[in-house]
Amino acid sequence: MEEKKFDVNSIIGFILIFGIFGVMMYMNQPTPEEIEAAEKEKQAQLEAAEKGEAATAPTFVVENEAVVANPQDSLAMVAAKAQLGAFAYAAALPSATDSYTQIENEVLRLKVSNRGGYIHEALLKNFKTYDSVPLYLIKDGKNASFNINFGTTDNRTLNTQDLFFEPTLSKNGEHTILSMKLKVAADKYLEYRYEMKPNEYMVDFSIRSQGLQQIFNSSQPINLDWKLQAIRQAKSATYENRYTEITYEYDGGKDSYTGQGKTDEENEEDVTWIGFKQHFFTSVLLTDTPFKEATFTSTNVIASSDLEDKDVTVTKEFEASAPLALEAGELNYHMDWYYGPTDYKILNSYDRNLDEIVPLGWGIFGFINRYLFIPLFNFMSTIIGSYGLIIILMTVLIKLVLSPVQYKQYISQAKMKILKPEIEEINEKHKDNAMKKQQETMALYSKAGASPMSGCLPSLMQIPVFYALFNFFPSAFDLRQKSFLWADDLSSYDTIAKLPFEIPFYGDHISLFPILASIAIFIYMTMTTGQTMQTQQPGMPNMKFIMYLSPLMMLVFFNNYASGLSLYYFISNLITIGIMLVIKHVIIDEDKIHAKIQENKKKPKKQGKFQKKMKELMEQAEQQQRTKK
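Residues numbered from 1 in each chain as written. Predicted model: local features only at pLDDT ≥ 70, side-chain atom pairs only at ≥ 80, totals over all residues. Heavy atoms only, no water.

K.L.:
Explain the overall build of the chain to me, and be specific about the residues and the numbers.
P.N.:
Per the secondary structure count, the chain includes 15 helices and 21 strands. Within the chain, contacts between residues at least 6 apart in sequence are counted, and of these 64% link residues at least 24 apart. Within the structure as shown, the chain displays about 33700 Å² of accessible surface, and the carbon and sulfur contribution to it stands at 57%. (Helix = DSSP H or I, 4+ residues; strand = E, 2+ residues; numbered from the N terminus. Contact = heavy atoms within 4.5 Å. Areas by Shrake-Rupley, 256 points an atom, 1.4 Å probe, with all protein chains shown as cover.)

K.L.:
Requested: an account of the pairing of strand β20 (residues 497–503), with residues and values cited.
P.N.:
Within a regular beta strand, the side chains point alternately toward one face of the sheet and then the other, so they alternate between its two faces. Of the pairings in the sheet, the one linking β20 to strand β21 (residues 507–510) comprises three bridges and is antiparallel in character. Within β21, the position partnered with Ala 497 by the bridge is Ile 510. In textbook terms, the turn of a hairpin is the stretch between consecutive antiparallel strands, and for β20 and β21 this stretch comprises three residues, one of which, Phe 505, has a positive phi near 70°. (Pairing = 2+ DSSP bridges.)

K.L.:
Describe the pattern of salt bridges, and please don't skip the residues or the numbers.
P.N.:
Inspection of the entire model under this criterion finds 16 salt bridges. Note that Glu 121 is salt-bridged to Lys 111, the shortest N-O span being 3.7 Å. Remark: Lys 111 occurs in strand β4 (residues 108–113) and Glu 121 occurs in strand β5 (residues 119–128); sequence separation between them is 10 residues. A salt bridge links Lys 345 to Asp 343; the nearest nitrogen and oxygen atoms lie 3.6 Å apart. Judged by relative accessible area, Lys 345 falls into the partly exposed class, the value being 38%. The network of salt bridges with common partners includes Asp 288, Asp 336 and Arg 352. (Salt bridge = Lys/Arg side-chain N within 4 Å of Asp/Glu carboxyl O. Buried < 20%, exposed > 50% of the residue type's maximum accessible area, 1.4 Å probe, protein only.)

K.L.:
Give me helix α7 (residues 363–383): which residues, what numbers.
P.N.:
Over its 21 residues, α7 runs 30 Å from end to end, which matches the ideal 30 Å to within 8%, given 1.5 Å per residue. At Asn 369, α7 shows its strongest bend, of approximately 40°. Those residues of α7 that sit buried are Phe 365, Gly 366, Ile 368, Asn 369, Arg 370, Phe 373, Ile 374, Phe 377 and Met 380. (Expected span 1.5 Å × (residues − 1). Bend = angle between axes of the 7 residues up to and from the residue.)

K.L.:
Requested: an account of the packing of aromatic side chains, with residues and values cited.
P.N.:
Throughout the structure, instances matching the rule amount to 40 aromatic pairs. The interplanar angle of 35° and the centroid separation of 5.1 Å between the aromatic rings of Phe 276 and Phe 318 together place this pair among those described as tilted. Pair noted here: Phe 276 is in strand β16 (residues 263–277) and Phe 318 is in strand β18 (residues 314–324), with a separation of 42 residues, a long-range link. The two residues Phe 276 and Phe 318 agree in class, both being buried. Directly above the ring of Tyr 189 sits Lys 181, whose terminal nitrogen or CZ lies 4.3 Å from the centroid. Its guanidinium or amino end placed over the ring of Tyr 493, Lys 235 lies 4.4 Å from that ring's centre, counting from NZ or CZ. (Phe/Tyr/Trp six-rings, centres within 6.5 Å; stacked < 30°, edge-to-face > 60°. Lys NZ or Arg CZ within 6 Å of the ring centre and 35° of its normal.)

K.L.:
How would you sum up the sheet that holds strand β6 (residues 134–138)? Please name residues and give values.
P.N.:
Within a sheet, each strand pairs with its neighbour through backbone hydrogen bonds, oriented either parallel or antiparallel. What the four strands build is an open sheet, ordered β3-β4-β5-β6; its pairing is antiparallel. A strand with exactly one partner marks an edge of an open sheet, and here the two such strands are β3 (100–104) and β6. Strand-to-strand twist across the sheet, computed as the mean angle between neighbouring axes with direction ignored, equals 20°. Judged from the five bridges that link them, β4 and β5 form a sheet pairing that is antiparallel. (Axes fitted to C-alpha atoms, helices over the stretch in contact; angles between N-to-C directions.)

K.L.:
Explain the confidence of the model for the chain residue by residue, including any values.
P.N.:
On average, residues of the chain carry a pLDDT of 78, and 72% of them reach 70 or more. Scored below 50 in pLDDT, residues 1–31 shows three contacts in the model against residues more than four places distant or in partner chains. Within the model, pLDDT remains below 50 along residues 48–65, and this stretch shows 22 contacts once partners closer than five positions in the same chain are excluded. (pLDDT = per-residue confidence, 0-100.)

K.L.:
Any details on the side chain of Asn 147? Residues and values, ideally.
P.N.:
Along the chain, the position of Asn 147 falls in strand β7 (residues 144–151). A distance of 3.0 Å separates polar atoms of two side chains, one belonging to Asn 147 and the other to Asn 159. If sequence neighbours within four positions are ignored, Asn 147 has contacts with Asn 159, Thr 160, Gln 161, Asn 223, Leu 224 and Asp 225. (Polar contact = N/O pair within 3.5 Å; in protein donor to acceptor, adjacent residues only side chain to side chain.)

K.L.:
Describe the side chain of Arg 480, and please don't skip the residues or the numbers.
P.N.:
Looking at the element boundaries, Arg 480 is found in the loop between α10 (452–475) and β20. Apart from the residues within four sequence positions on either side, Arg 480 is in contact with Phe 127, Lys 128, Thr 129, Leu 135, Gln 233, Phe 280, Phe 281, Asp 489 and Ser 491.

K.L.:
A description of the environment of Gln 462 should follow, citing residues and the corresponding values.
P.N.:
By the element assignment, Gln 462 lies in helix α10. The class of Gln 462 is buried, set by a relative accessible area of 5%. Separated by 56 residues in sequence, Gln 462 and Gln 406 place their C-alpha atoms 9.0 Å apart. Discounting chain neighbours no more than four positions away, the residues touching Gln 462 are Lys 399, Leu 402, Val 405 and Gln 409.

K.L.:
Hey, could you go over the nonpolar core for me, with residue numbers and the actual values?
P.N.:
By size, the foremost hydrophobic cluster in this structure holds 126 residues, and its most contacted members are Tyr 118, Ile 119, Phe 146, Tyr 194, Ile 207, Trp 337 and Tyr 339. In terms of residue count, helix α13 (residues 563–587) provides more of this core than any other element does, 11 residues in total. Contact partners of Phe 146, with chain neighbours within four places excluded, come to Tyr 118, Thr 160, Gln 161, Tyr 192, Phe 205, Ile 207, Leu 224, Asp 225, Trp 226, Leu 285 and Trp 337. (Core = buried A, V, L, I, M, F, W, Y, C linked by side-chain atoms within 4.5 Å.)

K.L.:
Which residues make up unusual backbone geometry, and what values do they have?
P.N.:
Despite not being glycine, Asp 251 has its phi angle at roughly 50°, a positive value. By secondary structure assignment, the location of Asp 251 is in the loop between β14 (245–250) and β15 (254–257). The exposure class assigned to Asp 251 is partly exposed, which follows from its relative accessible area of 40%. Unusually for a residue other than glycine, Asp 351 sits at a positive phi of about 55°. The residue Asp 351 is located in the loop between α6 (344–349) and α7 in this model. Note on Asp 351: relative accessible area 70%, which makes it exposed.

Right, dumping it as structure tokens:
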């Protein structure tokens, strides 16, 4: 048998662990003063017990607005009763401490607090942040709260976040069940019930009350308030913030979202789920009983100009409020919590319309992503390990499918190039008569079988595909933290150089993929624009300006976009250039096209009703001009 050996890292790890334990034990040992005080307190308690008296130390305290009372202290119970009414019972239970109960499965770990009964921590076990630390959606209870505000029949207004729940942990097969009860008696309580299943990000959650008909004041609204601060998870807080918003479903299946303003507030009726969405991770509250109305508020915590500061830890603050309805004097809501990735496959598997949280685009763009690109991407990811190669192969396939469209586009451009001298001749001949110039130009196009619009239509046909991919790549969860070539993370920008200063709109780094994409776009536009460019007409856009503007916009604005998206644009334009060169030098012959145009010009052209009508109108307009002269 081979002897087992520890490597250096393991030895250092053990030393560090024992060192940490040693420091903790040393720092947590009681001081001489604490030992002396404890001895005095113990002696006082023994003396009091011998005399048959109660200890005189105070047993009623208020800790962060939560009342804790010792049931053996009559004065404390009186004070608690005065403040909490029937809920003083909960303050006297042993569970009235800042303790936590942990439930977990293979993918999710939740820590639920006795105070408020809500989730104190939510850890996604299989993911790390951009700087490789554990990924929390809720951390130490500091960035989230969940509260029910209600009135009582003895004219008190209470908040569950200030009261103590009693936890009970149990098992139902492989399911872990945590019951948190806010009690007014042994058999009367408000309960939060969590049920966690294996390998699930979705946790069953219910809010119900028992025996509180005489406690709840039915004439006073019962309000649920849920708040969350979005913890920064990505390298670029600006890019992450662009996809961070509140999404929700209402009115039997419709979905919507808040905007990206400094503060956005929405109000809807019959709300069935509310999602506090970050770019790649989401917290969702779902309810089987729709909220009759709900209000959502999204606030930018940090100014956009300060988002890239290294000290930024949160980007947005979310809040949702909704009234809860009583049934026969009791609360009874079956809900669910989702704490997990904004992954289309996972969200779509729950059949609750949660896939709408992923911003795939509206209308035809979303349709293309759902039924074409997502299945294609998922299939390719099962046989190819590199996600950079998947992007390249997807781009190649898409360009090959669209190549017939591009062929028609290039044929149109070739015709326009051949007709360019004749068009310039017409322009010179009728430079003082715009109507005649337009009339003869249209006649030339008609005879030659060419049209400027025939080059635009193929381009328009490709727009839905390009825009769908523009939405797809930034939303593809599988690209998160996947490297390719020099890019460490295809879901974030790549960096080849760090700048000692920040350039407005550009950033403090240089990304290579946007530079390559800009060069490819410039070459493509030079090839397409240069061969058909005519003298600029009054009121028409300057094509040379557009030719330089597009690559510049790619260079500047995509410097902070996902490198996977820039990789797609680079490969797409590179393939387009290649296809155009093949079409130009291998597939088509411009001399043949020129000969065919000349033949078409000799043939009598049959005009349709629309063309005849347009010709008549132009002739009438020309006649009116002559009459005026």
